[in-house]
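Summary of the model geometry
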Protein chains: 2
Amino acid sequence: MKVVLAKTAGFCYGVKRAINIAFDATKKGSDDIYTLGPIIHNPQVVEKLKCSGVRPVDSVYSLDTGTVILRSHGVEKNDLKEIKNRSLSIIDATCPFVKKAQGYAQSLSVEGYKVIVVGDADHPEVRSILSYVSGESQIISNTEEVKKVKKTTKIGVIAQTTQSIDNFIKIASELIKKSKEIKIFNTICDTTTIRQLESIELAKKVDCMIIIGGKNSANTKRLALICKEINPKSYHIEVAQDIDFSWFFPSDVIGVTAGASTPDWVIKEVVDKLTGGNN
Amino acid sequence: MKVVLAKTAGFCYGVKRAINIAFDATKKGSDDIYTLGPIIHNPQVVEKLKCSGVRPVDSVYSLDTGTVILRSHGVEKNDLKEIKNRSLSIIDATCPFVKKAQGYAQSLSVEGYKVIVVGDADHPEVRSILSYVSGESQIISNTEEVKKVKKTTKIGVIAQTTQSIDNFIKIASELIKKSKEIKIFNTICDTTTIRQLESIELAKKVDCMIIIGGKNSANTKRLALICKEINPKSYHIEVAQDIDFSWFFPSDVIGVTAGASTPDWVIKEVVDKLTGGNN
């Protein structure tokens, strides 16, 4: 089998930065380092960091001492306040693009806009963005949901940074009908868009697509969804062990891409397994 | 023949207001009253006002004394400056919705947005709105023209107040792809939208449509265009004399609508002629 690996597969800037920050923190000798939830949505990386002393916790209320790393998806405003109240040390590994979206959410809200975030309701990034809104807000994930949006004087729109650009534009276009004044910030990070576009092109050319990344990773799930629309033989896996060779014919060309939180070593193991080490 | 007259046919708020202001001005006894260009786009009304002493002029530079009525479509910023320089008296009959659009154009420009006006390049309202832009600007009248718009950091969008809502939404939706930050003001006046929607419904039900209004009236031309898309037997006329009875069968039901600058007496003459005075 021939394997074609997408150039854009794997870590994005924000994830790379967060992991580097976390590993750097462990080098300083402290063994009281925590993240609120996993630092990125990849179980393999989280496990590696655990071995180095970075422990994910579910709630800030369980911590009395130590250092909290603010994870790539950002932290909710109230949690940040509580971290400060408890005099815990803070290392900020929030993705700069998420931080920008938080800032837009806050300023739109202050300016009187109803803030609509195009994204997944349960995603920590969306929750962190919305925590900066003081007024009205709503989460929309598809055009069907726009029908439920009431007409409002001023609507502000931002996106989860890993949204599909197509979905965002469709939703924003529908929202124009809902207000006389609408301010739209396309906060999707360019890496996400470029990765999605490359994956679409690759999915068109190959027999099968493998999309590697955490099953809890929203951007990987979206990538898998986009690929499946183009190529029904698209499979979302986490690690090389998940590969099922009954998916392929020996003559198949396999396209491989990976989410923003998928480390290089996991991608390498998948490619090695697919090619029998002859890549 | 049966005639169905649209409820929304005829004068809008801004036109009614402008004409009242102009006739009120003539009552004050001055015979030095001017407008820069016609006060509204209806030759019959302009003629009536001329008889009462309100004369349209092409340029402010031809005036040294008297009163200038700022017409419903608004006046370009430089012309207004020149009117003031020449110490002419000013009566402002600018439609409040146009004034609002001028204000948005100015504030968007000050805030660093490239201002895009969805409208007709040669229309005095569009020219008056754009005269308040200090930075970059562009006029777009259809989605095809959006392709020529370069990607820009910040785009601000406003509409000529009498644009078709469908066209505006289509263009604004396409423009979302052109910038990371886009602020959209739907400055189409509600009367225009309601009139267009009622005319569409009427055009679907009747055998023929008659659209009454100045041949120089952008909103009437647009109304005629919208009706023609629904009902090919749609005719744009200015006055009752323009009716050609070869357009109809005796059993036809005729829908009648009229642009925002069409006076009631012109509409009445048309309906009377169509029904032989039996309405």
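Residue numbers run consecutively from 1 along every chain, following the written order of its sequence. As a convention, the first chain written is A and the first ligand written is 1, with the rest following in written order. Totals for whole chains, interfaces and linings use every residue, but because this is a predicted model, local features are given only for residues with pLDDT of at least 70 and side-chain atom pairs only at 80 or more, for both listing and counting. To get the side-chain values, all heavy atoms of the structure are used, and hydrogens and water are removed first.

The next thing to look at is the sheet that holds strand β3 (residues 54-57) of chain A. Residue and element names in this part refer to chain A. Taken together, 4 strands build an open sheet; the order of strands is β3-β2-β4-β5 and the sheet is parallel. The open sheet terminates on both sides in strands that have one partner only, identified here as β3 and β5 (89-92). Sheet twist, expressed as the average angle between the axes of neighbouring strands with direction ignored, equals 30 degrees. Here the rule is simple: two strands pair whenever DSSP picks up at least two bridges between them. Strands here are runs of E lasting at least two residues and helices are runs of H or I lasting at least four, both read from the DSSP assignment and numbered beginning at the N terminus. Of the strand pairs in this sheet, strand β4 (residues 67-70) and β5 are connected by 4 bridges, and their pairing is parallel. Paired with leucine 70 across the two strands is aspartate 92, which belongs to β5. Axis geometry follows a simple rule: fit a line to the C-alpha atoms, using only the stretch in contact for helices, then measure angles between N-to-C directions, giving values from 0 to 180 degrees.

Take the packing of helix α8 (residues 190-205) of chain A against helix α9 (residues 218-230) of chain A next. When two helices pack together, their arrangement is captured by the angle between the axes and the distance separating the axes. Residues and elements named next belong to chain A. Taken N-terminus to C-terminus, the directions of α8 and α9 make an angle of 30 degrees; their axes are 9 Å apart at the nearest point. The handedness of the crossing between α8 and α9 is right-handed. Contacts between α8 and α9 involve Arg195, Gln196, Ser199, Ile200, Ala203 and Lys204 on the former and, on the latter, Arg222, Leu223, Ile226, Cys227 and Ile230. Three categories are distinguished: nonpolar for Ala, Val, Leu, Ile, Met, Phe, Trp, Tyr, Cys and Pro, charged for Asp, Glu, Lys and Arg, and polar for the others, with Gly belonging to the last. Its residues assigned to classes, the contact of α8 with α9 comprises 6 nonpolar, 2 polar and 3 charged. Each helix crossing is assigned a hand: it is left-handed if the near helix lies turned anticlockwise from the far helix by less than a right angle, otherwise right-handed if that turn is clockwise. Contacts between residues were defined by any pair of non-hydrogen atoms, one from each residue, lying within 4.5 Å.

Moving on, we get to helix α2 (residues 43-51) of chain A. Residues and elements named next belong to chain A. When accessible area is computed with a 1.4 Å probe and restricted to protein chains, residues below 20% of their type maximum are described as buried, those above 50% as exposed, and intermediate ones as partly exposed. Considered for burial, the residues of α2 that qualify are Gln44, Val45, Val46 and Leu49. In the core, the buried residues of α2 are packed alongside α1 (13-26), β3 and α10 (264-275). Here a polar contact is recorded for every N or O atom pair within 3.5 Å, except that within protein the pair must consist of a potential hydrogen donor and a potential acceptor, and residues adjacent in sequence are included only if both atoms are side-chain atoms. The distance from a side-chain oxygen at the start of α2 to the backbone nitrogen of glutamine 44 is 3.1 Å, and the residue carrying that oxygen is asparagine 42. Downstream of α2 by a residue or two, glycine 53 has a phi angle that is positive, lying close to 105 degrees.

With that settled, the discussion passes to the interface of chain B and chain A. How big an interface is tends to be expressed through the accessible area that disappears when the partners come together. If you look at the interface, chain B gives 16 residues, while chain A gives 16 residues. Accessible area that two parts lose when put together, with a 1.4 Å probe and added across both, is what the buried area reports. Roughly 1500 Å² of surface becomes buried between chain B and chain A when both sides are summed, with 56% attributable to carbon and sulfur atoms. Contact with chain A buries surface across chain B, with Ile176, Lys180 and Ile184 of chain B losing the most and accounting together for 38% of the total. Any carboxyl oxygen of Asp or Glu within 4 Å of a side-chain nitrogen of Lys or Arg constitutes a salt bridge here. The interface formed by chain B and chain A includes 2 salt bridges. Linking aspartate 190 of chain A and lysine 180 of chain B is a salt bridge whose minimum nitrogen-to-oxygen distance equals 2.9 Å. At the junction of chain B with chain A, the criterion picks out 9 residue pairs in polar contact (both at pLDDT 80 or more). Within the residue set of the side of chain B that touches chain A, elements represented by two or more residues are α7 (165-175) and β9 (181-185) of chain B. The greatest single-element share of the side of chain B that touches chain A, amounting to 5 residues, is contributed by β9 of chain B. Residue classes in the side of chain B that touches chain A are distributed as 8 nonpolar, 3 polar and 5 charged. Direction of pairing for strand β9 (residues 181-185) of chain A relative to β9 of chain B: antiparallel, over a ladder of 5 bridges. Within β9 of chain B, the position partnered with isoleucine 184 of chain A by the bridge is isoleucine 182 of chain B.

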